[in-house]
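Next come the chains, spelled out residue by residue.
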2 protein chains.
Amino acid sequence: MSEKPAEAVIRAWARLTRAQQRAQGEIEAALKAAGLPALAWYDVLLETERAGKGGLRPFELERAMLLAQYNLSRLVERMASAGLVERRPCDDDGRGHRVAVTDAGRVMRRRMWPVYAQAIERAVGNHLTAREAKTLGDLLGRLG
Amino acid sequence: MSEKPAEAVIRAWARLTRAQQRAQGEIEAALKAAGLPALAWYDVLLETERAGKGGLRPFELERAMLLAQYNLSRLVERMASAGLVERRPCDDDGRGHRVAVTDAGRVMRRRMWPVYAQAIERAVGNHLTAREAKTLGDLLGRLG
DNA sequence: TGCATCTTGATGCATATGCATGAATTCGTA
DNA sequence: TACGAATTCATGCATATGCATCAAGATGCA
């Protein structure tokens, strides 16, 4: 394994990056145009909502979001001072804490979703049939 | 058009981002581990080599790389002071200039390629059959 | 031609990221 | 239990990015 990549692999990689950059660019622009926070904030809100009442540990968020530790630490800090999440002491581990979404955070996520969803549709859905979208998702899942 | 995205579309988008981040992370790490410059530098070197003798205009690079204008301006500046590209006055347009690769730049790109190629294979090729890689590339091309 | 407008590119300033490291706590194990 | 190693998270400092704006040259058109 890990020899020279075939042409098709190189092309797939090049287009993967390009497609992602383009789509993300459009989506971020749509959010910003609507006066909403960036995508990363949405992801934190979603993960913390999914985690339920007790929230989750920063290192869990870090893995879920593929974010560097220091990066996540500061993201949470900014979101906390914006009132969208809160840090709570962690009973069973004195080193860390838990990050939980606030009511304002839940409201914000609901406000973001329609804009986000429409942008996804424009950037991705519009270019593919339903069948293609499924195939694409499956293939990308293999890389995950 | 542009209504609510289907589940498959949302999943495709989520995995697109995740797969790209993961692959890019691995590839950047491989380059860094080899003491080589980042991916963006490779792209500039490749584009300027492709452009041939006269190089190309910053705004062309900007579009080819989906990079913001100020961002590209500074990237070129750093690469120029590293001796990998050079800025030349532009005959037919006094506002701008041309960016051309230097010999050192060509050498650097050749040095980067084996590391880059192997990282692509590991991050992408290893997970897909040849047929799948082609399908993935085609589908991603539709988003471009 | 003359002047408003657009294009091209750079840059000051605020913000975000990367890197190295530190501080607190827990874990593994002798 | 005791203590070195590992985990969790924050932070100072350097670098990179985003935003607004500026300067200089091209372009269009009255």
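Everything below is about the structure printed above this text.
About the criteria used
- Residues numbered from 1 in each chain as written.
- Chains lettered and ligands numbered in written order.
- Predicted model: local features only at pLDDT ≥ 70, side-chain atom pairs only at ≥ 80, totals over all residues.
- Heavy atoms only, no water.
- Axes fitted to C-alpha atoms, helices over the stretch in contact; angles between N-to-C directions.
- Helix = DSSP H or I, 4+ residues; strand = E, 2+ residues; numbered from the N terminus.
- Left-handed = near helix turned anticlockwise from the far one by under 90°.
- Contact = heavy atoms within 4.5 Å.
- 1 Å grid on protein atoms, 1.4 Å probe; cavity = no way out; pocket = protein on both sides within 12 Å on 5 of 7 lines; lining within 4 Å.
- Points joined across faces, edges and corners; volume = space filled by probe spheres on them.
- Nonpolar A, V, L, I, M, F, W, Y, C, P; charged D, E, K, R; others polar.
- Buried area = accessible area lost by both parts, 1.4 Å probe.
- Salt bridge = Lys/Arg side-chain N within 4 Å of Asp/Glu carboxyl O.
- Polar contact = N/O pair within 3.5 Å; in protein donor to acceptor, adjacent residues only side chain to side chain.
- Phe/Tyr/Trp six-rings, centres within 6.5 Å; stacked < 30°, edge-to-face > 60°.
- Buried < 20%, exposed > 50% of the residue type's maximum accessible area, 1.4 Å probe, protein only.

Some words on the packing of helix α1 (residues 7-33) of chain A against helix α5 (residues 103-123) of chain A
Residue and element names in this part refer to chain A.
- At a minimum axis distance of 9 Å, the contact between α1 and α5 shows a crossing angle of 150 degrees. Here the hand of the crossing between α1 and α5 comes out right-handed. Counted together, Ala 23, Glu 26, Ile 27, Ala 30 and Leu 31 of α1 and Met 112, Val 115, Tyr 116, Ala 119, Ile 120 and Ala 123 of α5 form the full contact between these two elements.

Digging into the layout of surface pockets
- By volume, the second largest pocket amounts to about 260 Å³.
- Looking at the lining of the second largest pocket residue by residue, the class counts come to four nonpolar, two polar and no charged.

Looking at the interface of chain B and chain A
- Listed by partner, the interface residues are 54 residues for chain B and 54 residues for chain A.
- For the chain B and chain A pair, buried surface summed over both sides reaches about 5,000 Å², with 66% attributable to carbon and sulfur atoms.
- Inspection of the region where chain B meets chain A yields four salt bridges.
- A salt bridge links A:Glu132 to B:Arg142; the shortest N-O distance between them is 2.7 Å.
- The tally of links from chain B across to chain A stands at 18 residue pairs in polar contact (both at pLDDT 80 or more).
- Broken down by secondary-structure element, the contributors of at least two residues to the side of chain B that touches chain A are α1 (7-33), α3 (58-65), α5 (103-123) and α6 (130-143) of chain B.
- The dominant element in the side of chain B that touches chain A, judged by the number of residues it contributes, is α1(B), at 17 residues.

Re the packing of aromatic side chains
Residues and elements named next belong to chain A.
- Applying the stated criterion to the full structure yields six aromatic pairs over all chains.
- Ring geometry for Tyr 42 versus Tyr 116: centroids 4.8 Å apart, planes at 75 degrees, classification edge-to-face. Highlighted residues: Tyr 42 in helix α2 (residues 39-50) and Tyr 116 in helix α5, separated in sequence by 74 residues.
- Its relative accessible area of 7% is what places Tyr 116 among the buried residues.

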